[in-house]
Amino acid sequence: MLRQLQHTGRITNQDLADNVGMATSPCWRRVKQLEESGVITGYQARIDRKKIGLGILAFIRVKIDSHNEEEAQRFEQQVGELKPVIACYAVAGDADFMLQVVAEDLDSFSTFAMEVVRRLPGIKEMQTTFVLREIKPLDVLPL
């Protein structure tokens, strides 16, 4: 059921029930249960970022000065409000956070990185890696 929904989230309940070998009512109840329990967190369209003018995809590795909980939470809250940041991860290793960022072009990315990200609270160091080509972008989870 989850595999089918990942590939075709707009499938009708009848078609989903047929594909997974269930009656429609139990299928609908199961989907609702998966939504309410948080296994299914939403449905969305996949959009080609280049076709909407977002030609730059980059990752910014960030080290912060202080590792106290208050500073980290403040950084996370502010990053969460930045629209060009499409994903942010707390990571282990030689960085504290990894930001996935989109931008129209190199100039707009540069402005965002230097005038917004660099000025976030507690930034000690940042390093950018530009994506040259997406080999296997996030699509579906292996089920």
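Computed from a predicted structure; not experimentally measured.

It is worth spelling out the side chain of R49 at this point. By the secondary structure assignment, R49 is in the loop between α3 (24–36) and β1 (56–64). Assessed through its relative accessible area of 15%, R49 is described here as buried. Sequence-distant contacts of R49, defined by excluding residues within four places in its chain, comprise L54, G55, I56, L57, V102 and E134.

Within this structure, the stated rule accounts for 5 salt bridges. The residue K32 makes a salt bridge to E35 at a minimum N-O spacing of 3.2 Å. Of this pair, K32 and E35 both sit in helix α3, 3 residues apart, which is roughly one turn of the helix. E35 sits in the partly exposed class, given a relative accessible area of 24%.

Turning next to the domain arrangement of the protein chain. What the domain assignment reports for the protein chain is domain 1 (1–37) and domain 2 (49–130). Averaged C-alpha coordinates put domain 1 and domain 2 at centres separated by 36 Å.

Before going further, it helps to spend a moment on empty space enclosed by the protein. In total, this model carries 1 cavity of 30 Å³ or more according to the counting rule given. In this structure, the largest cavity encloses a volume near 30 Å³. Lining the largest cavity are R61, V62, K63, D94, A95, E125, M126 and Q127. Only β1 and β4 (123–130) provide two or more residues apiece to the lining of the largest cavity. Across the lining of the largest cavity, the residue classes tally to 3 nonpolar, 1 polar and 4 charged.

Rules behind the numbers
Residues numbered from 1 in each chain as written. Predicted model: local features only at pLDDT ≥ 70, side-chain atom pairs only at ≥ 80, totals over all residues. Heavy atoms only, no water. Helix = DSSP H or I, 4+ residues; strand = E, 2+ residues; numbered from the N terminus. Buried < 20%, exposed > 50% of the residue type's maximum accessible area, 1.4 Å probe, protein only. Contact = heavy atoms within 4.5 Å. Salt bridge = Lys/Arg side-chain N within 4 Å of Asp/Glu carboxyl O. Domains from an automatic or database assignment. 1 Å grid on protein atoms, 1.4 Å probe; cavity = no way out; pocket = protein on both sides within 12 Å on 5 of 7 lines; lining within 4 Å. Points joined across faces, edges and corners; volume = space filled by probe spheres on them. Nonpolar A, V, L, I, M, F, W, Y, C, P; charged D, E, K, R; others polar.

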